[in-house]
Amino acid sequence: MTRRPPVRRRRRSGPTRRRGNPGSEGLILLGLVGLVAVSLIAALLNWLAAHPWVVALLLLAAAGAGGLWLRRRQEAARWEQVRAQGLRYAVEHLDSLHHNDFECAVRDLMHRDGCSDAQKVGGRGDNGADVKATDPYGRRWVIQCKHRKAGWHGSAVGTPDLQVLNGTGRQIHGGDVLVMLTNGRFSRPALDFAKSQHLHLVDRHLLAQWAGGSHPLWELLRAIPPPRKPNHLS
């Protein structure tokens, strides 16, 4: 039995079709869009050159809008200063706040008293500081806040909280005045510890006097460190 030789297939002759490159089509389209944009800009510039009064009118409108925006900013800053100077809190209102809002209220009171850089820093990892501020005399304040929903009848702030403030207030935060502030009360050991470590305590009674009055906190506390820098208030 003889084997037949394999049949060879003939290759089709003629040009083969090539698929278009989608990238080149995109570049062409982008070039057309750019050309149209340049033409429109050139036409607009030519039109403005032929009508210079339109340019002057646009410049006047921009200057007027900028002046109006600046005046509103100045008015807002002036009203904010008036609001801060007249800020008052009743201690009963502070009782009803969330502890975060309580810290914000303390920050606002420090700002009212002239501490323009007062900021709330409380939260996880705050290292014993809820509010920090620099007073007009250059002294750095580090304030730890302890909010009590029950006010004076809530649990007393004890020595452990003061130990945290005492360990971080100067070394970590660089504080000159370390304050533990609460709308409640302090335990007897806490009072003794604060006195021995030169910590300043603000209980409910002193807080009510500060928040509801007009005197800055440094005028209500005793044994405050001397000013760091000369000031027109000193």
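Look up a bit, the structure's there.
Residues numbered from 1 in each chain as written. Predicted model: local features only at pLDDT ≥ 70, side-chain atom pairs only at ≥ 80, totals over all residues. Heavy atoms only, no water.

**A short note on the packing of aromatic side chains**
Step number 1: All told, the structure shown has two aromatic pairs when counted by the stated rule.
Step number 2: On the numbers, 6.4 Å between centres and 85° between planes, the contact of tyrosine 137 with tryptophan 218 is edge-to-face. Of this pair, tyrosine 137 sits in the loop between β2 (131-134) and β3 (140-146) while tryptophan 218 sits in the segment after α7 (204-212), and the two are 81 residues apart along the sequence.
Step number 3: The exposure class of tyrosine 137 is buried, given its relative accessible area of 11%.
Step number 4: Seen in terms of ring centroids, tryptophan 141 and tryptophan 218 are 5.9 Å apart; in terms of plane orientation they differ by 55°. Their pairing is tilted. With a gap of 77 residues between them, tryptophan 141 in strand β3 and tryptophan 218 in the segment after α7 connect regions that are remote in the sequence.
Step number 5: Among the residues examined, tryptophan 141 registers a relative accessible area of 0% and is labelled buried.
Step number 6: Judged by relative accessible area, which is 10%, tryptophan 218 ranks as buried. (Phe/Tyr/Trp six-rings, centres within 6.5 Å; stacked < 30°, edge-to-face > 60°. Helix = DSSP H or I, 4+ residues; strand = E, 2+ residues; numbered from the N terminus. Buried < 20%, exposed > 50% of the residue type's maximum accessible area, 1.4 Å probe, protein only.)

**Digging into the sheet that holds strand β5 (residues 200-202)**
Step number 1: Judged by pairing direction, the sheet is mixed, and its five strands sit side by side in the order β1-β2-β3-β4-β5 without closing on themselves. At either margin of the open sheet sits one strand with a lone partner, and together these are β1 (119-120) and β5.
Step number 2: Here β1 pairs with β2 via two bridges, running antiparallel. Bridged to lysine 120 within β2 is valine 131.
Step number 3: Seen against the sheet, helix α4 (residues 99-112) touches β1, β2, β3 and β4 (177-182) and runs at an angle of roughly 150° to β3.
Step number 4: Along the sheet, helix α5 (residues 159-168) makes contact with β3, β4 and β5, crossing β4 at roughly 150°. (Pairing = 2+ DSSP bridges. Contact = heavy atoms within 4.5 Å. Axes fitted to C-alpha atoms, helices over the stretch in contact; angles between N-to-C directions.)

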